[in-house]
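For reference, the chains in residue letters:
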Amino acid sequence: MRKEKILRLAKGFRGRAKNCFRIAINRVEKALQYQYRDRKAKKREARKLWIQQINAATRQHGVIYSQFMHTLAKDNIKLDRKTLSDLAINEPHSFKALVDRVKFMRGPNGIE
């Protein structure tokens, strides 16, 4: 049972790692470690991309990302970065309304 499972997981590997049980054990274990690590990295990369997209969109309207996020939190607007990024790309008018709200909350000279 265990041998079948390991060799099934090793399917597609190069060389003896796909059919030699001893080598397959090590390669499968390492592959599972990579899978675990990269699931975390994928989330991290997605968040970085959302932040870059929000930053680019807010700067087009004259607001810095950090000020934008701080004012949204202060104004109790609970939108996550994924949603804000999606708004910035697909609904620019709605996003502009949010930026205008932030500008209004920050005051006339940009001071809180």
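Residues numbered from 1 in each chain as written. Predicted model: local features only at pLDDT ≥ 70, side-chain atom pairs only at ≥ 80, totals over all residues. Heavy atoms only, no water.

The name an unreviewed UniProt entry gives the protein is 50S ribosomal protein L20, with Chloropicon roscoffensis as the organism. Under the Sequence similarities (unreviewed entry) heading, UniProt states for the protein: "Belongs to the bacterial ribosomal protein bL20 family." Under Function (unreviewed entry), UniProt gives the following word-for-word description of the protein: "Binds directly to 23S ribosomal RNA and is necessary for the in vitro assembly process of the 50S ribosomal subunit. It is not involved in the protein synthesizing functions of that subunit." (UniProt positions renumbered as here; feature names shortened; annotations may be inferred.)

Caption draft 1: Looking closely at the overall build of the protein. Summing up its helical and strand segments, the protein has 5 helices and 0 strands in all. For a compact globule of 112 residues, the expected C-alpha radius of gyration is about 13 Å, and the protein comes in at 24 Å, more than 25% above that figure. Overall, the protein is about 70 × 25 × 20 Å in size when its C-alpha atoms are taken along their principal axes. When the 112 residues of the protein are sorted by exposure, 22% land in the buried category. Contacts in the protein between residues far apart in sequence, at least 24 positions, make up 46% of those at least 6 positions apart. For the protein, the accessible area works out to roughly 8,600 Å², and carbon and sulfur atoms hold 54% of it. Distance between charge centres in the protein, computed from 28 positive and 10 negative side chains, equals 11 Å. (Helix = DSSP H or I, 4+ residues; strand = E, 2+ residues; numbered from the N terminus. Rg over C-alpha atoms; globule rule 2.2 N^0.38 Å. Buried < 20%, exposed > 50% of the residue type's maximum accessible area, 1.4 Å probe, protein only. Contact = heavy atoms within 4.5 Å. Areas by Shrake-Rupley, 256 points an atom, 1.4 Å probe, with all protein chains shown as cover. Lys, Arg positive; Asp, Glu negative; His and termini not counted. Charge placed at Lys NZ, Arg CZ, Asp CG, Glu CD.)

Caption draft 2: Looking closely at the UniProt feature "domain: PH" (unreviewed entry) in the protein. Per the UniProt record, "domain: PH" (unreviewed entry) is annotated on residues 1–59. Here residues 1–59 is 80% helix and 0% strand, with 58 Å between the C-alpha atoms at its ends.

Caption draft 3: Looking closely at the packing of helix α2 (residues 21–60) against helix α4 (residues 81–90). α4 packs onto α2 with a crossing angle of 45 degrees between their chain directions and a minimal axis gap of 9 Å. With respect to α4, the axis of α2 lies oblique. The chirality of how α2 crosses α4 is left-handed. Residues R47, W50, I51, Q53, I54 and A57 of α2 lie in contact with α4, whose contacting residues are R81, K82, L84, S85, A88 and I89. When the residues that make up the contact of α2 with α4 are grouped by side-chain class, the tally is 7 nonpolar, 2 polar and 3 charged. (Axes fitted to C-alpha atoms, helices over the stretch in contact; angles between N-to-C directions. Parallel < 35°, antiparallel > 145°, perpendicular 65-115°, else oblique. Left-handed = near helix turned anticlockwise from the far one by under 90°. Nonpolar A, V, L, I, M, F, W, Y, C, P; charged D, E, K, R; others polar.)

Caption draft 4: Region of the structure containing the packing of aromatic side chains. Enumeration over the complete set of coordinates arrives at 1 aromatic pair. Centroid distance F68 to F95: 5.5 Å. Interplanar angle 50 degrees. Geometry classified as tilted. With F68 in helix α3 (residues 65–74) and F95 in helix α5 (residues 92–106), this pair connects stretches of sequence that are 27 residues apart. Taken individually, F68 and F95 each receive the classification buried, so the pair is uniform in this respect. (Phe/Tyr/Trp six-rings, centres within 6.5 Å; stacked < 30°, edge-to-face > 60°.)

Caption draft 5: Looking closely at the pattern of salt bridges. For the structure shown, the criterion picks out 4 salt bridges. Its salt-bridge partner being D38, residue R37 comes within 2.9 Å of it at the nearest N-O pair. Across the pair D75 and R101 runs a salt bridge whose closest N-O atoms are separated by 2.7 Å. You can see D75 sitting in the loop between α3 and α4 and its partner R101 sitting in helix α5, a full 26 residues away along the chain. (Salt bridge = Lys/Arg side-chain N within 4 Å of Asp/Glu carboxyl O.)

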